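Summary of structural features
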Amino acid sequence: MSLAEQGDGAGSRAAGTFESTAPASGAVVGVFPVQDAEDVRAAVDRARVAAAAWADLGFDGRRTRLAAYRGCLARRVHELADLVHRENGKPHADAILEITLTVDHLAWAGAHARKVLGPRRVRPGLLAANHAAWLEYQPLGVVGVIGPWNYPVFTPMGSIAYALAAGNAVVFKPSEHTPAVGVWLAEAWRAAVPDVPDALQVVTGLGDTGAALCRAGVGKLAFTGSAPTGRRVMAACAETLTPVLMELGGKDAMIVDDDADVAAAADAAVWGAMSNAGQTCIGIERVYATERVYDAFVAEVTERVRGLRPGTDDDAAYGPMTMAAQADVVRRHLDDAVASGGRIAVGGTVEGRVVAPTVLLEVPETSAAVREETFGPTLTITRVRDAEEALERTNANAHGLAGAVFSRSRARAMDLARRMRSGMTSVNSVLTFASVPALPFGGVGESGFGRIHGEDGLREFTRAKAITRQRVTLPVDLMSFTRPAAAADALARVMGLVHGRHR
Ligand code: NAD
């Protein structure tokens, strides 16, 4: 069967089970149980017991075990990459890149947890000068993680690694399109960390299994996926006031300014838009190029895109779409772009799951291809007067996940990056922020809220705990009914001396 003839992978299922199939061949990758609310609750109960043991290990104990886990991933990288290739459809080399990034994040999270979260003294201030004040970040207990299929290792591990390093146990519901990868990650954990095997568990199933996880009494629900599902997750979590982290979709733009290195910008735009078949939340979907560089940029991009070939062999630039339904979304966006006056410069065909690398020009801002997340190997390029207009159009979108700026002027590029309405921006490259473990990752607006990665990502999976300890007693206690009547006047005088001089 050709690539173009495949049906939707995760659709077929017997009672109580579902199959995951290879996007490239249709071959069954695995059969998995559709776990119900009872199964999910049992997993969360086991996780709660494991969470206590995991927290008791302290930062050092957790750090050595997280190191053992990342060692396991590093040693078995080709085995895992092969599974990602089969189940998700992306080239083996791209799977290795994804796993390498994950290992790096695991290392950073394990190494920095104590410094970021551990107990620290803070200044008690004037009113509590006789007390010691302590701040620490405590684990939430069990964190539920619901993940997508597009980066089946890197994306969920962005929550899992940081939640574990912060001292939580995790119950992970992988996408129904990539359950085998999720199960592999949990089995590798059990092998690498045999003394706390239930600190990372996987439950498999469709949307209902995810909904059950929202209602299973977890301390926080970390969701990565689309905005419509995110709304359903929030509604379910609201029933029990379970806090949520929302990592949602994007419509990321690249701004190419007058003084940009046009060839470098084109190269980055093509990778940012087409790698992983465009199924990247932080993929570049729109480019705004200034009048001065537009023609040269379009020429550079189209030449590079003509050299790309989708397929399933090792030399293919990217694979088939993981979900057949996503190819339909791409087709709708292409049709809408053309119907509203846009022009296809290269590509434009969708055959089954295979989308040709496509460049669209002169597409109106109101078109779905510019407004909505396409999640395919397509790119719109729009001519703008200057970088200010580019920024205005970039920021007009409801999404705000990430983006890129190309300019040779450091000050100008940094200014544009700061004013871009997004959680992350790369200057003179694309997607780089995701590979810097110290940097937070998360969106604005329809792209969600909360942060994974970095110090913010560690704190995301904790609750701040404040403690004061009285060191010495004072003759006058202001917070006692025994205080003398004159105490408040004395306090007001001190306040006047310390703060009253500020005007
Ligand atoms: P999706 O929303 O269809 O599914 C995500 C997960 O939610 C799956 O595991 C699914 O089974 C589960 N789910 C479905 N219905 C549910 C319900 N009612 N309650 C609880 N869980 C439910 O998304 P997808 O197609 O798997 O992923 C693609 C989307 O994810 C894109 O929009 C992409 O941009 C986004 N994404 C965002 C990030 C980020 O970090 N911001 C990263 C990767 C992908």
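Reading guide: rules and limits
- What you see as residue numbers is a count from 1 along each chain, following the sequence as written.
- The model is predicted, so local features are restricted to residues of pLDDT at least 70 and side-chain atom pairs to those at 80 or more, both for listing and for counting; the totals for chains, interfaces and linings are taken over all residues.
- The side-chain quantities take in all heavy atoms of the structure and omit both hydrogens and water.
- UniProt positions are given in the numbering used here, feature names are shortened, and annotations may be inferred rather than shown by experiment.
- Think of it this way: any DSSP run of H or I at least four residues long counts as a helix, any run of E at least two long counts as a strand, and we number them from the N terminus.
- Each radius of gyration is computed over the set of C-alpha atoms, and the globule rule expresses the reference value as 2.2 Å times the number of residues to the power 0.38.
- Accessible area is worked out with a 1.4 Å probe on protein chains only. A residue is then buried under 20% of its type maximum, exposed over 50%, and partly exposed in between.
- Here, two residues are considered to be in contact whenever any of their heavy atoms come within 4.5 Å of each other.
- Per-residue accessibility takes into account occlusion by the displayed protein chains alone, with areas from the Shrake-Rupley method and a 1.4 Å probe.
- In summary, the charge assignment counts Lys and Arg as positive and Asp and Glu as negative, without counting His or the chain termini.
- Each charge is placed at NZ for Lys, CZ for Arg, CG for Asp and CD for Glu.
- Only strands that DSSP links by at least two bridges are regarded as paired with each other.
- Multiplying one less than the number of residues by 1.5 Å gives the expected span of a helix.
- Bend, in this description, refers to the angle at a residue between axes fitted to the seven residues ending there and the seven starting there.
- Nearness of a residue to a molecule or strand requires only that one of the residue's heavy atoms be within 4 Å of it.
- Here a polar contact means two N or O atoms within 3.5 Å. Within protein one must be a hydrogen donor candidate and the other an acceptor candidate, and residues neighboring in sequence count only if both atoms are side-chain atoms.
- Each residue gets one of three labels, nonpolar for Ala, Val, Leu, Ile, Met, Phe, Trp, Tyr, Cys and Pro, charged for Asp, Glu, Lys and Arg, and polar for the others, Gly among them.
- Marked domain ranges trace back to an automatic or database domain assignment.
- Buried area: the sum, over both parts, of the accessible surface (1.4 Å probe) that disappears when the two are put together.
- Throughout this description, the term salt bridge denotes a Lys or Arg side-chain nitrogen within 4 Å of a carboxyl oxygen of Asp or Glu.
- In this analysis, rings of Phe, Tyr and Trp, with Trp reduced to its six-membered ring, are considered paired at centre separations within 6.5 Å, and the interplanar angle assigns stacked below 30 degrees, edge-to-face beyond 60, and tilted for intermediate values.
- The axes used here are C-alpha line fits, helices contributing only the stretch in contact, and every angle between their N-to-C directions lies in the interval 0 to 180 degrees.

By the naming in an unreviewed UniProt entry, the protein chain is Aldehyde dehydrogenase, taken from Geodermatophilus obscurus. Recorded in UniProt for the protein chain, the comment headed Sequence similarities (unreviewed entry) runs: "Belongs to the aldehyde dehydrogenase family."

Thoughts on the overall build of the protein chain
In terms of helices and strands, the protein chain carries 16 helices and 22 strands. In summary, the protein chain has a C-alpha radius of gyration of 26 Å against a globular reference of 23 Å for 503 residues, a match within 12%. If you line up the protein chain on its principal axes, its C-alpha atoms span 85 × 60 × 40 Å. Counting across all 503 residues of the protein chain, residues that qualify as buried make up 53%. Contacts in the protein chain between residues at least 24 apart in sequence constitute 70% of all its contacts with a sequence separation of at least 6. Working note: accessible area of the protein chain is about 21,200 Å², and carbon and sulfur atoms make up 55% of it. Both charge centroids of the protein chain, one from 53 positive and one from 56 negative side chains, sit 10 Å from each other.

A word on the sheet that holds strand β8 (residues 220–224)
In spatial order, the strands read β7-β6-β5-β8-β9-β21; together these 6 strands make up an open sheet with mixed pairing. Of all the strands in the sheet, the pair left with one neighbour each is β7 (200–202) and β21 (448–449). Relative to β8, strand β5 (residues 142–146) runs parallel, the two sharing 4 bridges. If you follow V143 over to β8, its bridge partner there is K220.

A closer look at the UniProt feature "domain: Aldehyde dehydrogenase" (unreviewed entry) in the protein chain
Per the UniProt entry, the sites bearing "domain: Aldehyde dehydrogenase" (unreviewed entry) are residues 16–467 in this numbering. Between the end C-alpha atoms of residues 16–467 there is a gap of 49 Å, over a span that is 44% helix and 21% strand.

Focus: helix α10 (residues 291–306)
Taking 1.5 Å of rise per residue, the 16 residues of α10 would be expected to cover 22 Å, and the 23 Å separating its terminal C-alpha atoms lies within 8% of that figure. The principal kink in α10, of about 25°, is found at F297. Taken as a whole, α10 has its buried residues at V293, Y294, F297, V298, V301, T302 and V305. Turning to α10, the residues buried within the fold contact β10 (252–256), α9 (262–274), β11 (284–290), β12 (343–346), β15 (358–361) and β16 (378–384).

Remarks on the site of the ligand
Of all residues adjacent to the ligand, which total 29 residues, the nearest are K173, E176, S226, T229 and E373. S226 places a side-chain nitrogen or oxygen 2.6 Å from an oxygen atom of the ligand. About the coverage of the ligand: the protein hides 89% of its 860 Å² of free accessible area. Class assignment for the residues of the shell around the ligand results in 13 nonpolar, 11 polar and 5 charged. Residues from two domains meet in the shell around the ligand; each of domain 1 (41–248 + 453–463) and domain 2 (252–437) gives at least three.

Examining the domain arrangement of the protein chain
Assigned domains within the protein chain: domain 1 (41–248 + 453–463) and domain 2 (252–437). Between domain 1 and domain 2, the residue contacts involve 21 residues of the former and 19 residues of the latter. Here domain 1 meets domain 2 over a buried area of about 1,600 Å², counting both sides, of which 57% is carbon and sulfur. Seen at the junction of domain 1 and domain 2, the total is 0 salt bridges. Every element with two or more residues in the side of domain 1 that touches domain 2 is listed here: α3 (77–88), α4 (92–117) and α5 (154–165). Among the elements that line the side of domain 1 that touches domain 2, the one with the most residues is α4, at 6 residues. Considered class by class, the residues forming the side of domain 1 that touches domain 2 number 9 nonpolar, 8 polar and 4 charged.

Looking at the UniProt feature "active site" (unreviewed entry) in the protein chain
Mapped onto this numbering, the UniProt entry annotates "active site" (unreviewed entry) at E247 and C281. What stands out for the annotated residues spanning 35 residues is how close their C-alpha atoms remain, the widest pair being 9.1 Å apart. Relative to the helices and strands, E247 is located in strand β9 (residues 244–247). On the basis of relative accessible area, E247 is assigned to the buried category, the value being 4%. Setting aside its immediate chain neighbours within four residues, E247 contacts F223, T224, G225, F441, G442, G443, S447, G450, R451 and I452. Mapped onto the fold, C281 is located in the loop between α9 and β11.

What to know about the packing of aromatic side chains
Think of a pair of aromatic rings as described by two things: how far the centres are apart, and how the planes are tilted against each other in angle. Within this structure, the stated rule accounts for 6 aromatic pairs. Arranged with centres 6.0 Å apart and planes meeting at 40°, the rings of F18 and F32 form a pair that is tilted. Of the two residues, F18 is situated in strand β1 (residues 17–21) and F32 in strand β2 (residues 28–33); the sequence distance between them amounts to 14 residues. The same class applies to F18 as to F32, namely buried. Here Y69 and W189 contribute two aromatic rings whose centre-to-centre distance is 5.0 Å and whose plane-to-plane angle is 75°, an arrangement assigned as edge-to-face. Of the two residues, Y69 is situated in helix α2 (residues 58–75) and W189 in helix α6 (residues 179–192); the sequence distance between them amounts to 120 residues.

Focus: the environment of D315
Position of D315 among the secondary structure elements: in the loop between α10 and α11 (324–339). D315 gets classed as exposed once you look at its relative accessible area, which sits at 67%. Taking C-alpha positions, D315 is 8.4 Å from P91, a pair spaced 224 residues apart along the chain.

Focus: the sheet that holds β12
If you walk across this open sheet you meet the 7 strands as β12-β15-β16-β11-β10-β18-β19, and the pairing is mixed. At either margin of the open sheet sits one strand with a lone partner, and together these are β12 and β19 (426–427). Sheet analysis places β11 next to β16, joined by 5 bridges and oriented parallel. Note on β16: the bridge partner recorded for V287 is I381. Along the sheet face, α10 touches β10, β11, β12, β15 and β16 and points at about 165° away from the line of β16. Along the sheet, α11 makes contact with β12, β15 and β16, crossing β15 at roughly 30°.

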